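# Survey of secondary and tertiary structure
Listed below are the residues making up each chain.
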Amino acid sequence: MLGTIEQDAHSLNGRRANPPLQVTITEVSVAEDGTYAELSKCSDRTQVTVTDADGNDITGPDYPSYAEYHVIMVPGPDSSWLTTAETVISNENCTVE
């Protein structure tokens, strides 16, 4: 299970994505030398709402319900992994189980 996302870059301007958010890891591949890992994940955002700095719901009908990502991670301190890149592969084209 992934940890809870407590802050995102949009929150710096007052915009906030409010949970719950469900994430499924669909594929993981680790380099033979252990220097990086690649994974694919699907985010189910069907219950997420987006609010502005004043707390007004600005989710809108075009907010994607699902998003598939390609993620690259590198080893971090204390046997953890740190995300170095995250790219949206598609919206509305993945399954969370």
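Going by the structure above, here's the rest.
Bear in mind that the values here come from a model prediction, so they are computed numbers and not experimental data.

### So, the pattern of salt bridges
- Tallied over the full model, the rule gives one salt bridge.
- The residue Lys41 makes a salt bridge to Glu86 at a minimum N-O spacing of 3.0 Å. Of this pair, Lys41 sits in strand S3 (residues 37–44) while Glu86 sits in strand S6 (residues 81–91); the two residues are 45 residues apart in sequence, bridging distant segments of the chain.
- A relative accessible area of 12% means that Lys41 is categorised as buried.

### Notes on the environment of Met73
- Structurally, the position occupied by Met73 is in strand S5 (residues 66–75).
- With a relative accessible area of 17%, Met73 lands in the buried category.
- Sequence separation between Met73 and Tyr36 is 37 residues, and the spatial gap between their C-alpha atoms is 5.5 Å.
- Setting aside its immediate chain neighbours within four residues, Met73 contacts Tyr36, Ala37, Leu39, Trp81, Leu82, Thr83 and Thr84.

### Side note on the pairing of strand S2 (residues 22–30)
- Strand direction decides the pairing type here: S2 and S3, joined by eight bridges, are antiparallel. Considered in S3, the bridge of Glu27 is made with Ser40.

### Re the nonpolar core
- With five residues, the main nonpolar core is built from Leu39, Ala67, Tyr69, Val71 and Met73.
- Element by element, the count of residues in this core is highest for S5, at four residues.
- Those residues in contact with Tyr69, other than ones at most four positions away along the chain, are Leu39, Ser40, Lys41, Ser43, Arg45, Glu86, Thr87, Val88 and Ile89.

### Comments concerning the pairing of S6
- Bridge count for S5 against S6 is nine bridges, and the pairing is antiparallel. The residue bridging Met73 from the neighbouring strand is Thr83, located in S6.
- In sequence, S5 turns back onto S6 through a hairpin of five residues, with Asp78 there showing a positive phi of about 55 degrees.

What counts as what
- Residues numbered from 1 in each chain as written.
- Predicted model: local features only at pLDDT ≥ 70, side-chain atom pairs only at ≥ 80, totals over all residues.
- Heavy atoms only, no water.
- Salt bridge = Lys/Arg side-chain N within 4 Å of Asp/Glu carboxyl O.
- Helix = DSSP H or I, 4+ residues; strand = E, 2+ residues; numbered from the N terminus.
- Buried < 20%, exposed > 50% of the residue type's maximum accessible area, 1.4 Å probe, protein only.
- Contact = heavy atoms within 4.5 Å.
- Pairing = 2+ DSSP bridges.
- Core = buried A, V, L, I, M, F, W, Y, C linked by side-chain atoms within 4.5 Å.

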